[in-house]
Amino acid sequence: GDEERLPGWATRALDEAHGRAAQRRFGEAIRCLLPALRGPQRAVDVLQSLCLSWEKAEQERLKQREAEVSRALDEKDLELSQERHRRAEADRRALQLESRRDDEMRSLMNELLGARERIEVWRKRTDEKERELTKEAHRRQEAERQVTWLQQRSQMHENAVRENALLKQQLHDAKAAAAAARAAA
């Protein structure tokens, strides 16, 4: 009923107030209604002043909140940047450690291969020395057999020379006895 009696400008003011309230702009919504209110002008002026102060306080609160959010975002950006830096450093150190480990593994593998080669050379030399020693032992045994055989041959030769000398002496003695017997006969 009351709306039908309101002039068009007042209806428009109410509609605009509803629109501002829907946008959560309550101070502006109240100010839209002020011209439609009836009462002492001073009360309307104080109400308008209160709405302006409220809007200003709300704007200040929003600015503070934006500043807090901005500071918080800056802090988070800094933390994120520091975390990225820490991760990059950790990745770099991990790569260095991995590279160092790979270098050490290559070095150890090279040392192992070198040791294997030296062992193989040493084993070949040892085998060769053993063969030489075995050959030398065989040659020594053969030489000892030959020395023994030559000693036996020498002994036999000495015995033959003595026996030959004895036989020559006996022959000489026999010839001398035969010549003496012929001379005596």
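These numbers come from a predicted model, not from an experiment. (Residues numbered from 1 in each chain as written. Predicted model: local features only at pLDDT ≥ 70, side-chain atom pairs only at ≥ 80, totals over all residues. Heavy atoms only, no water.)

**Student:** Go over unusual backbone geometry, please, and point to the residues and values.
**Tutor:** Unlike most non-glycine residues, Arg-24 shows phi in positive territory, near 65 degrees. With respect to the secondary-structure elements, Arg-24 resides in the loop between helix H2 (8–22) and helix H3 (26–33). Using a relative accessible area of 64% as the deciding quantity, one classes Arg-24 as exposed. (Helix = DSSP H or I, 4+ residues; strand = E, 2+ residues; numbered from the N terminus. Buried < 20%, exposed > 50% of the residue type's maximum accessible area, 1.4 Å probe, protein only.)

**Student:** Explain the layout of surface pockets residue by residue, including any values.
**Tutor:** One number sums up the size of the largest pocket: a volume of about 230 Å³. Considering the residues around the largest pocket, the lining is formed by Arg-24, Arg-25, Phe-26, Gly-27, Glu-28, Trp-54, Glu-55, Glu-58, Gln-59 and Leu-62. Among the elements that line the lining of the largest pocket, the one with the most residues is helix H4 (residues 41–184), at five residues. Within the lining of the largest pocket, the residues separate by chemical class into three nonpolar, two polar and five charged. (1 Å grid on protein atoms, 1.4 Å probe; cavity = no way out; pocket = protein on both sides within 12 Å on 5 of 7 lines; lining within 4 Å. Points joined across faces, edges and corners; volume = space filled by probe spheres on them. Nonpolar A, V, L, I, M, F, W, Y, C, P; charged D, E, K, R; others polar.)

**Student:** Now, about the pattern of salt bridges: what can you tell me, with residues and values included?
**Tutor:** As enumerated under the stated definition, the model contains 18 salt bridges in all. Ionic pairing is found between Glu-89 and Arg-93, a salt bridge with its closest N-O pair at 4.0 Å. Separated by four residues within a single helix, Glu-89 and Arg-93 lie in helix H4, roughly one turn from each other. For Glu-89, a relative accessible area of 23% puts it in the partly exposed group. For Arg-162, the salt bridge identified is with Glu-158, shortest N-O distance 3.8 Å. In this pair, Arg-162 and Glu-158 both sit in helix H4, four residues apart, roughly one turn of the helix. Salt bridges here are not isolated pairs; linked through shared partners, they connect Glu-16, Arg-20, Arg-25 and Glu-28. (Salt bridge = Lys/Arg side-chain N within 4 Å of Asp/Glu carboxyl O.)

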